[in-house]
Structures are given as structure tokens and as C-alpha cells.
Amino acid sequence: MQRIPFAVHAPDPITYEGVVGGVRGRPELSLVEESDAVVVVVVAETVDEQVKKVLRRLSRSVGARPVLIVSDLKEAHLLEVVECGVVAMLWRREARPDGIVRAVVAAAGGNGSLPPDLQGRLLKQVGRIQRGANARGLATATGLADREREVLCLIADGLDTSEIAGKLAYSERTVKNVLHGLMTRLQLRNRAHAVAYALREGYI
């Protein structure tokens with residue numbers, strides 16, 4: 001098994017040691033410096049401007065995929081943290097070692113992970129964005145090819161690459177190529193960001 005290089009960004013040494021100690025020795029993970037990490041676990045009480053700055057730095061400058069462990073997250077910040085590059089989130093009160101490992105593995109594989117209650121809140125927010133877009137008369141597919149829109153819709157429904165390929169009768173390579181082309185053209189950082197962009201612009 002190839003170990004995933006990960007790092008932990010925490011607000012204090014006790015929190016840092018708590019997270020690192022909980023997953024130490026897990027065969028899936030290898031603790032490294034932030035600059036060498038594929039995934040960085042960011043622990044925070046809430047999402048303020050400083051936390052968003054850290055998330056953006058990790059995603060854009062370091063090129064890591066942030067996993068956010070947070071005590072409180074306002075609904076208004078859900079799409080913001082996705083746009084900052086976060087691909088998985090855990091509530092701090094529920095962040096057990098197994099859950100942290102699963103989130104890191106999912107993030108390393110390019111998959112998202114949200115607690116069920118956050119999924120519900122995100123869907124409500126998405127619904128409001130879609131209704132607002134429809135009320136403004138935005139064309140739903142402008143700027144995206146049909147198959148890009150189809151792939152993004154299925155990602156938004158929670159399907160992974162193989163499930164999307166089966167649903168659309170594409171190869172997995174084709175699905176990955178569609179996503180790569182879309183994200184490169186629009187300078188999007190990951191699948192969650194692509195879905196958030198498409199929803200915000202009224203494309204899906």
C-alpha cells in the first residue's frame with residue numbers, strides 16, 4: 001500500500017498532538033511537512049478570514065488538498081470553504097481517528113466527504129442559488145459542453161468516477177479527461193470547486 005503524505009495544521013500544540021497521536025502508526029498515512037503533503041488536515045474552532053487564508057494557501061500555493069475539522073460552521077461559509085479548496089469536512093466533536101483517516105484517504109483520491117447534516121445544509125444553499133439563477137433567466141448550459149454538464153450533475157449527486165462512467169456509458173478515462181479539461185480551462189482546483197462554480201453560475 002502506498003502511504004499518503006499528510007500534514008496537520010492546528011491552532012495549538014495540544015490539538016496538533018491529539019490529531020497526530022490518534023492516527024500515528026496507521027499504514028495508510030505518512031506524516032510529513034506541509035510543503036510535502038498531498039493532504040493537510042486543518043483544525044479550527046470556526047471559519048474566519050485567517051482560516052480561509054490558510055485553506056487558500058494550502059490549496060493554491062502548496063497544492064495540497066485540505067481536510068477541515070471544525071467546531072462550528074455557518075451555513076454562509078459552506079460554499080466559501082469549498083471554493084478555498086476544502087474537499088472533506090468533519091465536525092470536531094465527531095473527529096475520531098478512523099473518520100480522520102477515511103477523510104484523508106477520500107481527499108487524496110479526489111473524492112469529497114461531508115457529515116450528513118452539512119450535506120443537507122449545502123443542498124439547501126445550492127437550491128437557493130439555482131432558484132436565484134432561474135429567476136434571473138440564466139441559461140443552464142451556457143459555457144459548458146453537454147457532457148461536462150452531465151458529469152458535473154452526477155458529481156453533485158455524489159457519484160464517483162466509475163459510477164459516472166457506468167451511468168453515461170463512458171470509460172473512466174473519458175470521465176477523467178472531461179473533468180481535467182473543464183478544470184484546466186476554468187482554473188478550478190478540484191471536483192467540489194467545479195460543482196460549486198457550476199452551481200454559482202447557474203450551469204447546473
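Residues numbered from 1 in each chain as written. Predicted model: local features only at pLDDT ≥ 70, side-chain atom pairs only at ≥ 80, totals over all residues. Heavy atoms only, no water.

### Considerations on the packing of aromatic side chains
Line of reasoning, step 1. All chains considered together, the criterion is met by zero aromatic pairs.
Line of reasoning, step 2. It is Arg93 that lies over the ring of Trp91; its NZ or CZ is 4.8 Å from the centre. (Phe/Tyr/Trp six-rings, centres within 6.5 Å; stacked < 30°, edge-to-face > 60°. Lys NZ or Arg CZ within 6 Å of the ring centre and 35° of its normal.)

### A word on the sheet that holds strand S4 (residues 65-70)
Line of reasoning, step 1. If you walk across this open sheet you meet the five strands as S2-S1-S3-S4-S5, and the pairing is parallel. Only two strands of the sheet have a single neighbouring strand rather than two, namely strand S2 (29-31) and strand S5 (88-91). Looking at each pair of strands side by side, their axes are set apart by 30° on average, direction ignored.
Line of reasoning, step 2. When strand S1 (residues 4-9) meets S2, the two strands line up parallel, connected through three bridges. (Pairing = 2+ DSSP bridges. Helix = DSSP H or I, 4+ residues; strand = E, 2+ residues; numbered from the N terminus. Axes fitted to C-alpha atoms, helices over the stretch in contact; angles between N-to-C directions.)

### Observations regarding the pairing of S5
Remark: a regular strand shows side chains that alternate across the two faces of the sheet.
Line of reasoning, step 1. Burial along S5 is two-sided: the face carrying Ala88 and Leu90 and the face carrying Met89 and Trp91 are both buried.
Line of reasoning, step 2. Bridging between S4 and S5 involves four bridges; their strand directions are parallel. Each bridged residue has a counterpart across the sheet, and for Ile69 the counterpart in S5 is Leu90.
Line of reasoning, step 3. Handedness of the crossover joining S4 and S5 through helix H3 (residues 78-83) is recorded here as right-handed. (Buried < 20%, exposed > 50% of the residue type's maximum accessible area, 1.4 Å probe, protein only. Right-handed = clockwise from strand over helix to strand, strands pointing away.)

### What to know about unusual backbone geometry
Line of reasoning, step 1. Even without being a glycine, Ala169 presents a positive backbone phi close to 60°.
Line of reasoning, step 2. Following the sequence through the fold, Ala169 ends up in the loop between helix H7 (161-168) and helix H8 (172-186).
Line of reasoning, step 3. Look at Ala169 and you get exposed, because its relative accessible area is 70%.
Line of reasoning, step 4. In the Ramachandran plot, Gln187 falls in the positive-phi region, its phi being about 55° despite a non-glycine side chain.
Line of reasoning, step 5. Along the polypeptide, Gln187 turns up in the loop between H8 and helix H9 (191-200).

### Details of the pattern of salt bridges
Line of reasoning, step 1. The final tally for this structure, using the stated rule, is seven salt bridges.
Line of reasoning, step 2. Between Glu28 and Arg26 there is a salt bridge, with its nearest N and O atoms 3.5 Å apart.
Line of reasoning, step 3. Note on Arg26: relative accessible area 22%, which makes it partly exposed.
Line of reasoning, step 4. We note a salt bridge from Glu80 to Lys52, for which the minimum N-O separation is 2.5 Å. (Salt bridge = Lys/Arg side-chain N within 4 Å of Asp/Glu carboxyl O.)

### A few points about the packing of helix H6 (residues 146-156) against H7
Line of reasoning, step 1. As a packed pair, H6 and H7 sit with axes 10 Å apart at the nearest point and diverge in direction by 130°. Between H6 and H7, the crossing angle belongs to the class labelled oblique. For the crossing formed where H6 meets H7, the hand is right-handed. Contacts between H6 and H7 involve Glu150, Val151, Leu154 and Ile155 from the former and Ile164, Lys167 and Leu168 from the latter.
Line of reasoning, step 2. When the residues that make up the contact of H6 with H7 are grouped by side-chain class, the tally is five nonpolar, no polar and two charged. (Parallel < 35°, antiparallel > 145°, perpendicular 65-115°, else oblique. Left-handed = near helix turned anticlockwise from the far one by under 90°. Contact = heavy atoms within 4.5 Å. Nonpolar A, V, L, I, M, F, W, Y, C, P; charged D, E, K, R; others polar.)

### Side note on the pairing of S1
Line of reasoning, step 1. Between the parallel elements S1 and S2, the chain passes through helix H1 (residues 13-23) in a crossover that is right-handed.
Line of reasoning, step 2. In terms of strand pairing, S1 meets strand S3 (residues 39-44) through four bridges, oriented parallel. Note that in S3 the partner of Phe6 across the bridge is Val39.

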